[in-house]
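Here is what each chain is made of, one letter per residue.
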Amino acid sequence: MKFTRRTFLKTSGIATAGLAVAATSTDKFLLWAEEAGLIQPTYVPTFCEICFWKCGAIAKVLNGRVVKLDGNPVHGNSRGKLCARGNGGIGLLYDKDRLKTPLINIGKRGEGKYRKATWDEALGLVAEKMKAIKQQHGPESMALFTHGTPTDHFLPLLSAYGTQNIGMPSFAQCRGPRDVGYELTFGEGPGSPERVDMVNSRVIVLIGSHLGENMHNSQVQDFVEGVSRGAKLIVVDPRYSIAAAKAQQWLPIRPATDLALLLAWINIIISEEMYDWPYLERYSEGFMTLMHSVSHCTPEWAEKETDIPAAQIVETARMIGMNAPAVTIHPGRHATWYGDDVQRSRALAILTALLGSWGRSGGMFLATKASLPKAESKPFPEPGKEPLNTGGYPFAGAEGVTQAIRTATISGSPYPIKGWFVCGTNLMKALPNQKETIEAISKLDLLVVVDVMPMDTAMMADVILPECTYLERHDALAIGKGKSLSVSLRQPVVKPLYESQPGWWIAKELAKRLDLGEYFPWNTYEDKIKAQCSTAGISYDDLKKLGCLTIPDTAAPYITYDNQPTFKTATGKIELYSAELKEKGFDPVPVYVRHPLPPEGFFRLTYGRSAVHTFSRTTNNPALYELYSENEVWINVKKAQALGLKNGDYAVLTNQDGVKSTRVKVKATQRIREDMVYLVHGWDSTPKELTRSSRKGADDQGLITRYAVDPIAGSTGMRVNFVKLQKEA
Amino acid sequence: MPKYAMVIDQRRCVACMACVIACKNENEVPPEQYRTRVLEMVEGEFPLLRMELRSELCNHCDNPPCVYNCPTGASYKRTADGIVLLRKNRCVGCKACVAACPYDARYINHEKGFADKCTFCDHRLKEGKEPACVATCIGKSRIFGDLDDPKSPVRIALRSADSTVLLEGAGTRPRVYYIKKFSKPE
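A quick note: this is a predicted structure, and the numbers were derived from the prediction, not measured. (Residues numbered from 1 in each chain as written. Chains lettered and ligands numbered in written order. Predicted model: local features only at pLDDT ≥ 70, side-chain atom pairs only at ≥ 80, totals over all residues.)

1. Description of the overall build of chain A
Within chain A, the secondary structure is distributed over 24 helices and 27 strands. Its C-alpha radius of gyration of 26 Å places chain A within 12% of the 27 Å reference for a compact globule of 729 residues. Its C-alpha atoms put chain A at 70 × 65 × 60 Å along the principal axes. Scored against the burial criterion, the 729 residues of chain A give a buried share of 59%. (Helix = DSSP H or I, 4+ residues; strand = E, 2+ residues; numbered from the N terminus. Rg over C-alpha atoms; globule rule 2.2 N^0.38 Å. Buried ≥ 20, exposed ≤ 12 C-beta atoms within 10 Å, placed from the backbone.)

Here it is, written out as structure tokens:
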């Protein structure tokens, strides 16, 4: 975002009153009335859904309108603070472009011709088609793609219906390989929020994590706190990110060579004996094999691969080693980069183990062992056919491999997939190679999308079911497993606008029409939550009033005499060497494999986040759109000059397969290496119904036609595409 | 009587823009206008770079040019706490203050016509709350309090590190202090 000085001289003279939408004028009147003491505001706690961090928020409501959102001080993920996106949640609530009524497609699929329908008609149509699919092909031929809180409603629905073909892009397109890498090493993932104890760290290492631009509220708070308490910061990033600008050591690594750096670090830590031997002896397996397998990974070898001077590799390794165990090796989050991502995550985990940082102050803290009793529910039917959502990948998680479902939908094998139920995710922007997604969709008998906004995938659906925003609905209790166990409530702040309905209502109504009503045995979701609270011995009234309850005496973050860690691996120990991987035919200790580099004239396409947007879903939010209304292609100044491009020009990107982007603004900057370009993810929304962000910026996913599948977890490495830039003609 | 001031600890800023949106929501700032902003400035050549992230807002100067240049007496500095405010009903929208302010802190509110600006969230202070930008600041980079109170967060912050003000030479005597211009250790 750019604020140019003296812009007021240009704008202030122009009559711009027309810009103010009707909603804002009402807000102004209300604020005036409040100021005059005519009405009193009410405050309702809930939690945010602008991203997946689930920050506690308190909504200020004046006369039935939300006028302000603040962080909830008792909520561990927000601690009284909201990021720009959380603050901008009102923009979503009052976005005039929201989906308002159920819509039924009347043109060809993808043409975007819809007619309004009643809920009864739309739900009836969905149920009828789902029943037909079940009858003709079996329930396994319906697949569910989901993300975030809608999962709590639609996963039970589709499970009751009889399918286990579930795909969550959060696995195969995001943190899947990371979780698998940590599970193979420690027996569990690093958690979400990641259990990084950065507040107490002496050294923080970020590898490809751009915290600050990646606005994970409490984690950024901890990051800043740790750094200002004096933690040394090492940032490995080919781009000079906001985090890199705070670092003592910025390592602008050649993209795709991170594993070489990690193995060199591991080698130095071992050869200079900076590892925590008593810890390793007690908790780990396979040290000797590890030592031998990394012995050739010298700093000089790594320098050739990574483009980082050997001396700097040694210096940073010592900085890490000498400060152990109070070192956070950040596990990262979006880890689907190059197709060997489980092994890279393994290297991160192994490094953490060598330093003795797992379960130690300043490293990775241990999750609370407490949990809430699970509510009993009717068991779901056993599927008749083997689910195909693992794609045959040996370590694919329960969240499923999205693109395996897509592939099966296209091929019809091992059995046909005839219906997609999509909620909480915009598949067109989430999955690589959009051609395949479009082809798969063309094979379907039914595509249903539940969404708040008319996003790309929604506008391809046969039936669109408009969900109300998070400020208008109940959702499942959020159980937080950080240092302590916590429970948060999402409750409606205002009544649903238009004809939109909460996800739970949509699921329940559909269940009725599918003769599955007995799986939803409550009247309202609030009833369900109340029952859950009473089972767990939590006061619903307190929860309603405070928004979040932290269960006392549930924290045991560090290893002590009577708080010993348990590792749910095959050996019950930290596995530096993984026999399980060996058995399945993979490297038991990570081995560096060189990846193709961009050919002459091409740049590697990388992508990331903006602090004011969550993927594509916020691009049309008026408040956030105002701050960042199109993405830019970052390119090194020298390269830009050579191509005759300067800041503010528009360019078109063409990838190695000849796929072109829409026009995108050029950001010629010193802040990036010469062999790559960078885009903020999620732009160039196609639906014209998104009146602000439609066709703004360039879509990174459109250019990601190739992807490198990780053979261990089935996740899709998406930083393997190369692009050329051309000035817009 | 309090002497309100703000400290911006630039080392703690990540340019997340939470302050900008919180301010706009709190103070009904019209679209495309801002009472506060975050500037991102980079110096150097790859890979030897440094970056400054700087939040800017009204400096609530002790020697405020906007007040001196206001022909109608609409702009004033409140004696009780030193906040620079505006009597909206006296403002004629002549832009004298906008031109006089060296910090670009003022704008003509294009919905209401008067010369709008940061008030340190005067209305929230009355309720015992911090300004909206401070309350939501993810990095705790924005610090607010009473300069006369040795225990206030601003005094603690100013004691702990060296600070500067913007355009010191302009003689405006700002009440917004900046800790450490550049993010890298000097």
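From this point, the discussion proceeds with the structure in view.
2. Quick notes on the overall build of chain B
Counting secondary structure elements, chain B contains 6 helices and 10 strands. For chain B, whose C-alpha radius of gyration is 16 Å, the value lies close to the compact-globule estimate of 16 Å for 186 residues. With 186 residues in all, chain B has 48% of them scored as buried. Looking at chain B alone, contacts between residues at least 24 apart form 58% of all its contacts between residues at least 6 apart. (Contact = placed C-beta atoms within 7 Å.)

3. Structural notes on unusual backbone geometry
Only a minority of non-glycine residues have a phi that is not negative, and only a minority of peptide bonds are not trans. All names here are of chain A. In this structure, the amide linkage connecting S192 to the following residue, P193, adopts the cis form with an omega of -5 degrees. By secondary structure assignment, the location of P193 is in the loop between α7 (169-186) and β8 (203-207). Backbone torsion omega between S413 and P414 reads 5 degrees, so that peptide bond is classified as cis. Relative to the assigned elements, P414 resides in the loop between α15 (402-411) and β13 (419-423). Positive phi, normally seen in glycine, also occurs at D684, with a value near 60 degrees. For D684, the position within the fold is in the loop between β24 (676-680) and α24 (700-703). Residue D684 is classed as buried on the basis of its C-beta count, with 25 C-beta atoms lying within 10 Å.

4. So, helix α12 (residues 299-306) of chain A
All names here are of chain A. The set of residues buried in α12 consists of P299, A302, E305 and T306. Seen along its axis, α12 keeps its buried residues to an arc of 120 degrees; they face one direction. Seen from the open side of α12, the exposed residues pointing more than 90 degrees away from its buried face are E300 and K304. Of the surrounding elements, those touching the buried residues of α12 are α9 (258-271) and α13 (310-322). (Arc of directions from axis to C-beta.)

5. Some points on the pairing of strand β10 (residues 176-179) of chain B
Residues and elements named next belong to chain B. Two elements, strand β1 (residues 4-9) and β10, share 4 bridges in a ladder whose sense is parallel. Within β10, the residue paired with I8 across the bridge is Y178. Looking at chain direction, strand β9 (residues 163-164) and β10 are connected through 2 bridges and run antiparallel. When the bridges of β10 are listed, T164 appears paired with Y178. (Pairing = 2+ DSSP bridges.)

6. Here's the deal with the interface of chain B and chain A
Taken together, the contact pairs 40 residues of chain B with 45 residues of chain A. Its residues placed into classes, the side of chain B that touches chain A shows 24 nonpolar, 6 polar and 10 charged. (Nonpolar A, V, L, I, M, F, W, Y, C, P; charged D, E, K, R; others polar.)

7. Concerning the sheet that holds strand β16 (residues 478-481) of chain A
All names here are of chain A. Within the open sheet, the 3 strands sit side by side as β16-β17-β18. Their pairing is antiparallel. Strands at the two margins of the open sheet, each flanked by one partner only, are β16 and β18 (548-550). Between one strand and the next, the sheet's axes are offset by a mean angle of 15 degrees, whatever the strand orientation. Note: strand β17 (residues 485-488) against β18, 3 bridges, orientation antiparallel. From the neighbouring strand, S488 faces β18, where its bridge partner is C548. (Axes fitted to C-alpha atoms, helices over the stretch in contact; angles between N-to-C directions.)

8. With respect to the domain arrangement of chain A
Split into domains, chain A comes out as domain 1 (103-172 + 375-481 + 484-550), domain 2 (192-367 + 568-583) and domain 3 (603-727). Between the C-alpha centres of domain 1 of chain A and domain 2 of chain A the distance comes to 36 Å. (Domains from an automatic or database assignment.)

9. Remarks on the packing of helix α5 (residues 119-137) of chain A against helix α18 (residues 503-513) of chain A
All names here are of chain A. Between α5 and α18, whose axes approach to 9 Å, the crossing angle comes to 55 degrees. What the angle tells us is that α5 and α18 run oblique. Between α5 and α18 the crossing geometry is right-handed. On α18, the residues touching L123, G124, V126 and A127 of α5 are E509, L510 and R513. Broken down by class, the residue content of the contact of α5 with α18 amounts to 4 nonpolar, 1 polar and 2 charged. (Parallel < 35°, antiparallel > 145°, perpendicular 65-115°, else oblique. Left-handed = near helix turned anticlockwise from the far one by under 90°.)

10. Side note on the packing of α9(A) against α13(A)
Residues and elements named next belong to chain A. In the contact formed by α9 and α13, the axes pass within 9 Å of each other and the chain directions differ by 60 degrees. Between α9 and α13, the angle falls in the class oblique. Viewed along their axes, α9 and α13 form a crossing whose handedness is right-handed. Between α9, through L261, A264, W265, I268 and I269, and α13, the contact on the second element is made entirely by I313, V314, A317, I320 and G321. Here the residues of the contact of α9 with α13 sort into 9 nonpolar, 1 polar and no charged.

11. Considerations on the confidence of the model for chain A
In the predicted model, chain A carries a mean pLDDT of 94, and 96% of its residues have values of at least 70. Note that pLDDT drops below 50 for residues 1-23 of chain A; the model gives that stretch 25 contacts with residues more than four away or on any other chain. (pLDDT = per-residue confidence, 0-100.)

12. Remarks on the sheet that holds strand β8 (residues 142-146) of chain B
All names here are of chain B. Pairing is mixed in the open sheet, where 4 strands are placed in the order β8-β1-β10-β9. Two strands close off the open sheet at either side, each with one partner strand: β8 and β9. The strands that helix α6 (residues 153-160) touches are β1, β8, β9 and β10; relative to β8, the one it contacts most, it runs at about 115 degrees.

13. A word on the pairing of strand β2 (residues 56-62) of chain A
All names here are of chain A. Looking at chain direction, strand β1 (residues 42-47) and β2 are connected through 6 bridges and run antiparallel. Pairing of T46 across the sheet is with A57, part of β2. Direction of pairing for β2 relative to strand β3 (residues 65-71): antiparallel, over a ladder of 6 bridges. Bridged to A57 within β3 is G71. Connecting β2 to the antiparallel partner β3 that follows it, the hairpin turn spans 2 residues, and N63 within it adopts a positive phi of roughly 50 degrees.

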